[in-house]
Amino acid sequence: MQVIVLPTSSNESHSESDSFLVRRSLQGDHQSFQELYRRHHTRVRAILFQLCDASAIDDLVQDVFLRAWKGLPKFRQSAQFSTWLYRITWNVASDQRQAAARHRTQLQTLTTHAPTRQESPDVLHLHYQDLVQRGLQELSFEHRTVLVLHDLEEVPQKEIAEILTIPLGTVKSRLFHARAAMRKYLEREGIHL
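What counts and how
Residues numbered from 1 in each chain as written. Predicted model: local features only at pLDDT ≥ 70, side-chain atom pairs only at ≥ 80, totals over all residues. Heavy atoms only, no water. Helix = DSSP H or I, 4+ residues; strand = E, 2+ residues; numbered from the N terminus. Buried < 20%, exposed > 50% of the residue type's maximum accessible area, 1.4 Å probe, protein only. Contact = heavy atoms within 4.5 Å. 1 Å grid on protein atoms, 1.4 Å probe; cavity = no way out; pocket = protein on both sides within 12 Å on 5 of 7 lines; lining within 4 Å. Points joined across faces, edges and corners; volume = space filled by probe spheres on them. Nonpolar A, V, L, I, M, F, W, Y, C, P; charged D, E, K, R; others polar. Core = buried A, V, L, I, M, F, W, Y, C linked by side-chain atoms within 4.5 Å.

Q: Can you lay out the side chain of Ser-82 for me, pointing to particular residues and giving the numbers?
A: Summarising the element assignment, Ser-82 is placed in helix α4 (residues 81–102). Judged by its relative accessible area of 9%, Ser-82 falls in the buried class. Each residue touching Ser-82, except ones within four places of it in the same chain, is listed here: His-40 and Glu-159.

Structure, rendered in structure tokens:
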């Protein structure tokens with residue numbers, strides 16, 4: 001019997017497709033897990049980039065998917081695969097942060113200089129990206145995580161609460177304080193929103 005999956009635009013069908021791929025992966029189909037990797041690695045990478053030292057991103061992405069592969073037999077089929085995967089991503093970021101605290105390394109940043117009117121829009125864009133990166137580094141890890149997941153990765157607040165295993169009210173509070181701290185940082189740097 002051949003199963004035909006019709007594409008739709010709802011998130012639910014994407015979850016069903018992930019669930020199907022998880023079941024196939026658990027049956028030993030490596031291609032299915034490669035498809036899960038293909039679907040989710042860009043977002044995992046983006047989350048890690050905002051939370052961790054950029055020089056370690058490739059290794060951290062591999063660590064996330066290695067943990068996911070090893071933990072797949074424990075995955076609750078009733079849960080959403082992406083939520084479970086982002087929880088693993090957050091755990092990897094937390095582990096990396098603790099390791100980085102033991103051996104402080106300097107972040108590699110773009111040259112920081114005040115923009116002038118003659119600069120091209122690309123240079124200004126890079127300058128503002130750098131400011132945001134530095135601003136994120138000034139936030140506590142908890143506030144940075146919520147801000148990155150919600151504002152940059154557009155993960156719904158309810159899903160963030162599941163990923164971080166904290167109450168929804170805590171997510172809202174952290175998001176409020178993170179945005180306020182980021183706004184203060186940008187104002188100190190001469191950017192008024």
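Q: Give me the lowdown on empty space enclosed by the protein, citing residues and values where you can.
A: Tallied over the full model, the rule gives one cavity of 30 Å³ or more. Each pocket or cavity is described by its volume, and for the largest cavity that value is around 30 Å³. Listing elements by their share of the lining of the largest cavity, those giving two or more residues are α4 and α6 (141–152). Considering each element in turn, the lining of the largest cavity owes the most residues, three residues, to α4. A breakdown of the residues in the lining of the largest cavity according to their chemical character gives five nonpolar, two polar and no charged.

Q: Tell me about the nonpolar core, and name the residues and values.
A: Counting residues in hydrophobic clusters, the biggest one holds 46 residues, and the most contacted among them are Leu-48 and Val-64. For this core, the elements supplying multiple residues, two or more each, are α1 (11–26), α2 (30–51), α3 (57–71), α4, α5 (121–138), α6, α7 (157–164) and α8 (168–188). In terms of residue count, the dominant contributor to this core is α4 (seven residues). Those residues in contact with Leu-48, other than ones at most four positions away along the chain, are Ile-57, Leu-60, Val-61, Val-64, Thr-89, Val-92 and Ala-93.

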